[in-house]
Amino acid sequence: MSGARTPRVRVVVLNYDGGDTTVRCLEALQQVDWPADALEIVLVDNASIDGIAPVIARDMPVVRVIEHTHNVGFAGGCNLALRDLSAIDYVALLNNDTIPDRDWLRPLVDALEADDGLGAANSKIVFAPSFVELSIDATRDQVEPGAQDLGVRITGLTVDGAEVWEHTQFADGCHRSETRGTGYEQVCWTAPQAQVRVPVEPTLTEIDAVLAIELSSDVPKTVRLTAGGDVVEVDVDVEPSWHLVPMRGPIFDVINNVGSRLVLGGYGGDRGFLEPDHGQYDEPDEVFAWCGGAALLSVRYLRDVGIFDDRYFMYYEDTDLSWRGRLAGWRYVYVPESVVRHEHAASSREGSAMFTHFVERNRFVTLARNAPWSMLADALYVFLRDTAVIFERDVAVQVLHRSRPSPTLTLRRLRAFGAFLEMLPSTLATRRRQGVAARARGDLVDRWAVPQ
């Protein structure tokens, strides 16, 4: 670092009913390798009912607690800790369901100190557990004409007797398309060949354990299973039965985010998402955008570009702020030496009404503010075309056949579009204030946009 003065860093953690998860994050932050007199930890509590804000204020005096009277989302919550940037040099944003390594912060600061043109540095974010890969081979020599060539149905997973379903990753050849019982417990159907990533403790380097898996099938078949040890052949029938598989050998991490991408169609995307970490991201790299889950932001950058747009509430707020910075000439870097483990526990599920509303609305707002007009027009056309197809399938055809229509998804999409239109006038005003030429917007997309 330049000079004798240690840069002052504020770490912002947002809590919305995170409970013990948030406590673990704050405990880990207090162990981070950075001088205590140059580190400020701020917990913003978004009107949670978990009761941890007063507990943190009492038991962790090094943490400054900001409590809000109502939930203002990720954007508004973070902004409560970003409005006063005096006396600090950098602001770190860290999800409350992450655990930073002890050496997490220093490489980020070093990167920004070394290059005044960098607005932010992004950590390597990996999923909280490590994994062992379970391979499933349920191929059959012959399949009757017209029959569906399925693999097996997975309904249970344990490692040494402990349930691991919640953090299991159903990877290639897996289709989690069923529910059972009340609908809470999920079921995975596989293709004839599939890979399942079974979670294990990340502190391990090798595993020697027993995996138990509950399987059934559409027809009786012999299935070959292996999890780093010997291949086990089991007979699977239409009724579920449990089978034991030895787990042996090395374990691996799985990438959550190593910087963010701009995807054609105007989507923000996690670079490296769900890739096993085999060293392919071990070098620093410039990225289009930083991820709000674990990043260090320069105060100079924030003063130049501004903070989050409060109206975003959740989703795309970091993509928008990154894009605004890009248009102002700032760059961002991914720093592989800075590692954070992420529980990946979302506050809203994909496909939910909240997810659909904010993702679609905020994507269009981000494009209207930052993208070439043609990119926004293409995105709106595809969205409205798909909405018309959904309406025809779920409503028009059902009415025609005197069946009960299902307008829910159509209405969700139309509400999101209507909310975008409400925000459009003010969004266009901010676009004009950017003073960026159309050519520069196009050049930025040409350089950074990638296929899905």
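For the structure, see preceding data.
None of the values given here were measured: they were computed from a predicted structure.

## Concerning the sheet that holds strand E19 (residues 260–263)
Strand pairs in the sheet, formed through backbone hydrogen bonds, run parallel or antiparallel to each other.
Right, on to step 1. Spatially, the 3 strands line up as an open sheet ordered E20-E19-E24, and their pairing is mixed. If you trace the sheet from one side to the other, it starts and ends with strand E20 (267–270) and strand E24 (449–450), each paired once.
Right, on to step 2. Of the pairings in the sheet, the one linking E19 to E24 comprises 2 bridges and is parallel in character. Along E24, the bridge assignment pairs Val-263 with Val-450.

## Some points on the environment of Leu-264
Right, on to step 1. Residue position: Leu-264 is located in the loop between E19 and E20.
Right, on to step 2. As a C-alpha pair, Leu-264 and Asp-446 span 182 residues in sequence and 9.9 Å in three-dimensional space.
Right, on to step 3. Sequence-distant contacts of Leu-264, that is, excluding residues within four places in its chain, are made with Ala-449, Val-450 and Pro-451.

## Here's the deal with the packing of helix H6 (residues 317–327) against helix H10 (residues 438–448)
Think of two packed helices as two axes; the pair is described by the angle between the axes and how far apart they sit.
Right, on to step 1. Contact pair H6 / H10: the axes reach a minimum separation of 10 Å and the direction vectors enclose 115°. Read as a crossing pair, H6 and H10 show a hand that is right-handed. In this structure, H6 contributes Trp-323, Arg-326 and Leu-327 to the contact, and H10 contributes Arg-441, Leu-444, Val-445, Arg-447 and Trp-448.
Right, on to step 2. Per-class residue counts for the contact of H6 with H10 are 5 nonpolar, no polar and 3 charged.

## Re the packing of helix H7 (residues 353–370) against helix H9 (residues 408–434)
Right, on to step 1. Closest axis-to-axis distance for the H7/H9 pair is 8 Å, and the angle between their directions is 25°. By the angle between their directions, the pair H7 and H9 is classed as roughly parallel. Here H7 runs over H9; the crossing is right-handed.
Right, on to step 2. Of the residues assigned to the contact of H7 with H9, the class counts are 11 nonpolar, 6 polar and 7 charged.

## Concerning helix H1 (residues 20–29)
Right, on to step 1. Listed as buried for H1 are Thr-22, Val-23, Cys-25, Leu-26, Ala-28 and Leu-29.
Right, on to step 2. Tucked inside the fold, the buried residues of H1 contact strand E1 (9–15), strand E2 (39–45), helix H2 (52–59), strand E3 (63–67), strand E4 (90–94) and strand E5 (98–100).

## Some thoughts on the nonpolar core
Right, on to step 1. Residues Val-91, Trp-290, Tyr-301, Phe-308 and Trp-323 are the most contacted members of the largest nonpolar core, which totals 60 residues.
Right, on to step 2. Ranked by residue count, the leading element in this core is H7, at 6 residues.
Right, on to step 3. Among the nonpolar cores identified, the runner-up in size contains 34 residues, and Ile-41, Leu-94, Leu-112 and Val-333 belong to it.

## Some thoughts on unusual backbone geometry
Right, on to step 1. Phi at Phe-313 takes a positive value of approximately 65°, unusual for a residue other than glycine.
Right, on to step 2. Along the chain, Phe-313 turns up in the loop between helix H5 (299–305) and H6.
Right, on to step 3. In this model, Arg-402 sits at a positive phi of 55°, which is unusual for a non-glycine residue.
Right, on to step 4. Relative to the helices and strands, Arg-402 resides in the loop between helix H8 (373–400) and H9.

## Quick look at the packing of aromatic side chains
Right, on to step 1. Scanning all chains against the criterion turns up 15 aromatic pairs.
Right, on to step 2. Taken together, the ring pairs connect Phe-364, Phe-383, Phe-417 and Phe-420 into an aromatic cluster.
Right, on to step 3. In this structure, Arg-431 packs its charged tip against the face of Trp-373, placed 3.8 Å from the ring centre.

## Here we look at the environment of Glu-337
Right, on to step 1. By the element assignment, Glu-337 lies in strand E23 (residues 331–342).
Right, on to step 2. For the pair Glu-337 and Leu-105, spaced 232 residues apart in sequence, the C-alpha separation works out to 9.4 Å.
Right, on to step 3. Aside from chain neighbours lying at most four places away, what touches Glu-337 is Asp-103 and Pro-107.

## Comments concerning the environment of Tyr-332
Right, on to step 1. Inspection of the secondary structure puts Tyr-332 in strand E23.
Right, on to step 2. Residue Tyr-332 is classed as buried on the basis of its relative accessible area of 0%.
Right, on to step 3. In sequence terms Tyr-332 and Gly-279 are 53 residues apart; their C-alpha atoms lie 21 Å from each other.
Right, on to step 4. Polar side-chain contacts of Tyr-332 include one of 2.7 Å to the backbone oxygen of Ser-322.
Right, on to step 5. Reaching out from Tyr-332, the side chain makes a polar contact with the backbone nitrogen of Arg-326 at a distance of 3.4 Å.

## What to know about H2
Right, on to step 1. Ile-52, Ala-53 and Ile-56 are the residues of H2 that are buried. Axial view of H2: buried residues confined to an arc of 105°, hence all on one face.
Right, on to step 2. Against the buried residues of H2 lie E1, H1, E2 and E3.

## Digging into the sheet that holds strand E7 (residues 130–137)
Right, on to step 1. In space, the 5 strands of this open sheet follow the order E10-E13-E7-E15-E16, with antiparallel pairing throughout. The sheet is open, and its two edges are formed by strand E10 (169–170) and strand E16 (232–236), each paired on a single side.
Right, on to step 2. Inspection of the sheet shows E10 paired to strand E13 (residues 193–200) by 2 bridges, in the antiparallel sense. Bridge pairing in E13 places Gln-169 opposite Arg-197.

Definitions and cut-offs
- Residues numbered from 1 in each chain as written.
- Predicted model: local features only at pLDDT ≥ 70, side-chain atom pairs only at ≥ 80, totals over all residues.
- Heavy atoms only, no water.
- Pairing = 2+ DSSP bridges.
- Helix = DSSP H or I, 4+ residues; strand = E, 2+ residues; numbered from the N terminus.
- Contact = heavy atoms within 4.5 Å.
- Axes fitted to C-alpha atoms, helices over the stretch in contact; angles between N-to-C directions.
- Left-handed = near helix turned anticlockwise from the far one by under 90°.
- Nonpolar A, V, L, I, M, F, W, Y, C, P; charged D, E, K, R; others polar.
- Parallel < 35°, antiparallel > 145°, perpendicular 65-115°, else oblique.
- Buried < 20%, exposed > 50% of the residue type's maximum accessible area, 1.4 Å probe, protein only.
- Core = buried A, V, L, I, M, F, W, Y, C linked by side-chain atoms within 4.5 Å.
- Phe/Tyr/Trp six-rings, centres within 6.5 Å; stacked < 30°, edge-to-face > 60°.
- Lys NZ or Arg CZ within 6 Å of the ring centre and 35° of its normal.
- Polar contact = N/O pair within 3.5 Å; in protein donor to acceptor, adjacent residues only side chain to side chain.
- Arc of directions from axis to C-beta.

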